[in-house]
Amino acid sequence: MAMGCVVDIIKTKDLVYEYIRRDEEGNVEGITRAVDEVDVAVRPGEFIAIVGHNGSGKSTLAKHINAICYPTEGSVFVDGKDTADEKHLWEIRRMAGMVFQNPDNQIIGQVVEEDVGFGPENMGIPTAQIWERVDESLSAVGMTAHRKKSPNRLSGGQKQRVSIAGVLAMRPKCIILDEPTAMLDPSGRKEVIRAVRALNDVEKITIVLITHYMDEAIFADRIFVMDKGRIAMTGTPRQIFHRVEELKQLRLDVPYVTLLAHKLRKSGVIKSDTTVLSIEELLDSLDIALPVKHESVGKSVNC
Amino acid sequence: MLIVDHLTHIYEKNTAMAQTAIHDINLVIPEGQFIGLIGHTGSGKSTLIQHLNGLLKPTSGSVFFHGADIHDDDFDRKQLRSKVGLVFQYPEHQLFEVDVWSDVCFGPRNLGLDKLNVELRAYHALKQVGISDEHFYQSPFDLSGGEKRRVAIAGVLAMAPEVLILDEPTAGLDPGGRDEILGQIAALQAETGITVVLVSHSMDDIAKHVERIIVMRGGKIADDDVPTAIFMKFAELEEMGLGAPQMTYIMDALRLRGLAVDPAALTVTAAYNSIMKALGMENHHA
């Protein structure tokens with residue numbers, strides 16, 4: 001490694017993951033390659049979104065980052081440590097925390113603050129420090145007011161923020177979220193995405209967000225598009241969502257505002273070739289066509 | 001036709017844990033409507049839909065199906081459950097048979113139909129959700145997420161329901177899978193005139209397909225109207241933890257900037273047409 005070079009927080013090298021399919025009797029039916037020669041590097045503090053159709057390998061790739069899955073071929077490094085090396089296992093799981101789709105499967109405590117303290121308690125952290133971490137974690141996701149409540153009494157978005165706080169209490173360098181908003185109502189989705197963005201902006205935690213909602217992916221620094229276990233495209237949201245037709249081929253989408261701008265561009269109403277990602281950008285690109293300009297601009301749907 | 005009359009449901013009534021999930025709900029669901037049911041988590045949607053096919057017993061009030069009270073002693077509730085098909089969230093978790101075909105046959109066989117009719121129904125249902133013959137003898141667990149879910153929906157369709165209720169049928173699916181499932185349900189609805197109640201958190205999905213939206217809040221019906229009228233009140237919806245399709249916000253922003261677009265345009269196509277019209281470029285085609 002060159003001097004002064006920042007260690008990639010996540011790095012995969014020719015990563016391949018295969019699993020064997022068996023029939024009822026246990027005979028091998030075939031081998032599925034879920035991740036196929038993936039080479040990615042994520043720098044500390046980056047916000048990465050991974051999109052791809054169901055079965056494209058997103059979750060399998062993510063599970064390699066905190067050593068739930070091990071490579072069939074190639075290797076995965078988290079903060080420079082090889083995940084296949086058993087002596088790094090617990091360190092890697094602490095550094096790279098995971099949040100899953102269903103909050104009800106991730107919360108075990110009877111009281112919010114106990115649930116958040118479960119991780120550090122298991123690590124043998126002294127009690128006083130556990131409480132310090134619980135305080136910080138709850139405040140980072142805006143759940144301090146609910147700390148004494150039973151998780152059953154929380155909304156989906158609140159439960160998911162408790163799950164995130166539980167991961168935060170482990171002081172991770174990186175958080176991987178696998179479709180954290182799939183089960184949430186619109187305000188729950190906004191709450192969770194807002195919390196995730198704040199962790200990235202304020203705490204500088206590296207974020208890997210797997211999502212089927214393209215309007216959540218626009219906040220990422222880079223998007224990885226997966227297809228058939230491979231990385232089909234990488235780029236900034238603006239670069240990725242410029243490729244409307246290719247994304248459709250991959251069973252994906254672009255944010256509706258981007259699609260509308262795309263249609264208006266084809267008709268010559270929008271002249272600029274820059275991909276539009278938000279309502280404000282749409283208004284700006286339509287500027288010449290708008291009759292009058294008011295001070296107030298419509299409310300953004302984005303978080 | 002389903003009629004809900006002064007329906008109240010209290011969980012764990014007469015205990016310290018008592019919680020009113022729905023309160024004094026009145027509702028008419030006529031035949032052939034495509035209805036969207038929205039409301040934030042805990043607003044009572046799931047409790048309401050479970051009442052529609054008799055899975056819960058009301059604390060007070062009644063539900064009538066074709067004029068008969070579904071909780072009358074002589075009412076055939078088993079038949080009701082085939083007539084009002086309920087597709088729960090993540091229905092693929094309920095798949096259990098060795099292959100797709102047997103799984104979809106399970107329901108109609110339990111209705112006591114003969115083999116020919118069971119198989120006709122299963123075949124028809126699988127075709128309706130776009131599952132091709134090559135998958136029929138595969139294990140349902142070898143299918144993709146979207147396919148599994150469609151097989152589970154076929155299992156309910158094979159019961160030949162008059163009313164189909166779907167609780168978040170697209171949660172966790174990729175955009176392609178989302179469009180496929182909803183497209184097939186919309187086609188099915190148009191073709192057969194089946195009544196559909198779609199529970200969804202995606203305002204864009206709701207806006208694309210339904211003709212009527214019921215908004216629930218705190219166990220009550222907060223609003224019940226056509227989608228354009230509902231989404232015009234997007235500020236109120238946001239207060240309820242909901243929202244509107246992205247196009248509604250765009251139309252609003254454009255109107256604030258002085259462009260006379262249709263505030264009721266809910267889809268990308270409608271918004272596009274409205275912008276072109278407002279700019280006097282209607283005949284300008286891409």
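Our subject is the structure that appears above.
Scoring rules and cut-offs
- Position numbers for residues start from 1 in each chain and track the written sequence from start to end.
- In the order they appear in the text, chains get letters beginning with A and ligands get numbers beginning with 1.
- The model is predicted, so local features are restricted to residues of pLDDT at least 70 and side-chain atom pairs to those at 80 or more, both for listing and for counting; the totals for chains, interfaces and linings are taken over all residues.
- Based on all heavy atoms of the structure, the side-chain values leave hydrogens and waters out of the count.
- Burial classes follow relative accessibility: with a 1.4 Å probe on protein chains only, a residue under 20% of its type's maximum area counts as buried, one over 50% as exposed, and anything between as partly exposed.
- Numbering goes from the N terminus for both helices and strands, where a helix is a DSSP run of H or I of at least four residues and a strand is a run of E of at least two.
- We call two residues in contact whenever any of their non-hydrogen atoms come within 4.5 Å of each other.
- For two strands to be treated as a pair, DSSP must find no fewer than two bridges joining them.
- Axis angles are defined between N-to-C directions and span 0 to 180 degrees, where every axis is a line fitted to C-alpha atoms and, for a helix, only to the segment in contact.
- Working definition: rings of Phe, Tyr and Trp (its six-membered ring) pair if their centres are within 6.5 Å, and the pair is stacked with planes under 30 degrees apart, edge-to-face with planes over 60 apart, and tilted otherwise.
- Here the quantity called buried area is the accessible surface, traced with a 1.4 Å probe, that two parts lose on coming together, added over both.
- Any carboxyl oxygen of Asp or Glu that lies within 4 Å of a side-chain nitrogen of Lys or Arg is treated as forming a salt bridge with it.
- We call two N or O atoms a polar contact when they sit within 3.5 Å, provided that within protein one can donate a hydrogen and the other can accept it, with sequence-adjacent residues counted only if both atoms are side-chain atoms.
- Gly counts as polar in this scheme, as do all residues outside two lists: the nonpolar Ala, Val, Leu, Ile, Met, Phe, Trp, Tyr, Cys and Pro, and the charged Asp, Glu, Lys and Arg.
- To count toward a patch, a residue needs a relative accessible area above 30% and no salt bridge. Like charges then connect within 9 Å, nonpolar side chains (Val, Leu, Ile, Met, Phe, Trp, Tyr) within 5 Å.
- To be clear on the numbers: accessible area is Shrake-Rupley with a 1.4 Å probe, and residue cover counts the displayed protein chains and nothing else.
- Within this scheme the basic residues Lys and Arg register as positive and the acidic residues Asp and Glu register as negative, but His and the chain ends are omitted.
- Where a charge lies is defined by one atom per residue type: Lys uses NZ, Arg uses CZ, Asp uses CG and Glu uses CD.

Q: Help me understand helix α10 (residues 246-256) of chain B, please; the structure alone is not making it clear to me.
A: Given 3.6 residues per helical turn, the α-helix brings residues three or four places apart onto the same face. Within α10 of chain B, eight of the eleven residues are buried, leaving the element largely enclosed by the surrounding structure. Residues of α10 of chain B that are buried: Gln246, Met247, Thr248, Tyr249, Ile250, Met251, Ala253 and Leu254 of chain B. Packing partners of the buried residues in α10 of chain B comprise α10 (256-266) and α11 (279-286) of chain A together with α7 (203-209), α8 (227-232), α9 (234-239) and α11 (268-278) of chain B. In the stretch just after α10 of chain B, Gly258 of chain B is the one whose phi turns positive, near 90 degrees.

Q: Looking at this model, I keep getting lost on the sheet that holds strand β9 (residues 206-210) of chain A. Mind explaining?
A: In any sheet, the strands associate via hydrogen bonds between backbone groups, in a parallel or an antiparallel arrangement. Residues and elements named next belong to chain A. Read across the open sheet, the six strands follow the order β7-β8-β9-β4-β10-β11; overall the sheet is mixed. Because the sheet does not close on itself, it has two edges, and the strands there are β7 (96-99) and β11 (230-235). Along the sheet, successive strands turn relative to each other by an average axial angle of 20 degrees, direction set aside. Across five bridges, strand β10 (residues 222-227) lies against β11 in antiparallel orientation. Paired with Met226 across the strands is Ile231, a residue of β11. The strands touched by helix α5 (residues 156-168) are β7 and β8 (174-178); relative to β7, the strand with the most contacts, the crossing angle is about 165 degrees. Strands in contact with helix α6 (residues 186-201) are β4 (47-52), β8 and β9; relative to β9, the strand with the most contacts, it is inclined by about 150 degrees.

Q: What's the story with the packing of aromatic side chains in this structure? I'm lost.
A: Residues and elements named next belong to chain B. Throughout the structure, instances matching the rule amount to four aromatic pairs over all chains. Each ring, one from Tyr123 and one from Phe136, has its centre 5.9 Å from the other, and the planes form 85 degrees; the classification is edge-to-face. Within this pair, whereas Tyr123 is found in helix α4 (residues 115-128), its partner Phe136 is found in the loop between α4 and α5 (145-157), the two being separated by 13 residues in sequence. Classification of Tyr123 as partly exposed rests on a relative accessible area of 38%.

Q: Whenever I open this one, the interface of chain B and chain A confuses me. Can you help?
A: Think of interface size as the accessible area that goes away when the parts come together; that is how it is often given. The interface of chain B with chain A comprises 44 residues on the first partner and 48 residues on the second. Taking both partners together, chain B and chain A bury about 4,100 Å²; carbon and sulfur atoms supply 59% of that area. For chain B, the biggest contributors to the area lost against chain A are Asp174, Gln246 and Arg257 of chain B; these three give 19% of the whole. Inspection of the region where chain B meets chain A yields three salt bridges. Residue Arg251 of chain A is joined to Asp174 of chain B by a salt bridge in which the shortest nitrogen-to-oxygen separation is 3.5 Å. There are twelve residue pairs in polar contact (both at pLDDT 80 or more) connecting chain B and chain A. Of all elements in the fold, only α6 (175-192), α7, α10 and α11 of chain B reach the threshold of two or more residues within the side of chain B that touches chain A. Per element, the largest residue contribution to the side of chain B that touches chain A is seven residues, and it comes from α10 of chain B. Residues belonging to the side of chain B that touches chain A are distributed by class as follows: 22 nonpolar, 14 polar and eight charged.

Q: I keep staring at a negative patch on the surface and nothing clicks. Help me out?
A: Residues Glu24, Glu25 and Glu29 of chain A together with Asp142 of chain B make up a contiguous surface patch of negative charge. Within the secondary structure layout, Glu24 of chain A lies in the loop between β1 (10-22) and β2 (28-38).

Don't take any of this as a statement about function, it's just geometry.
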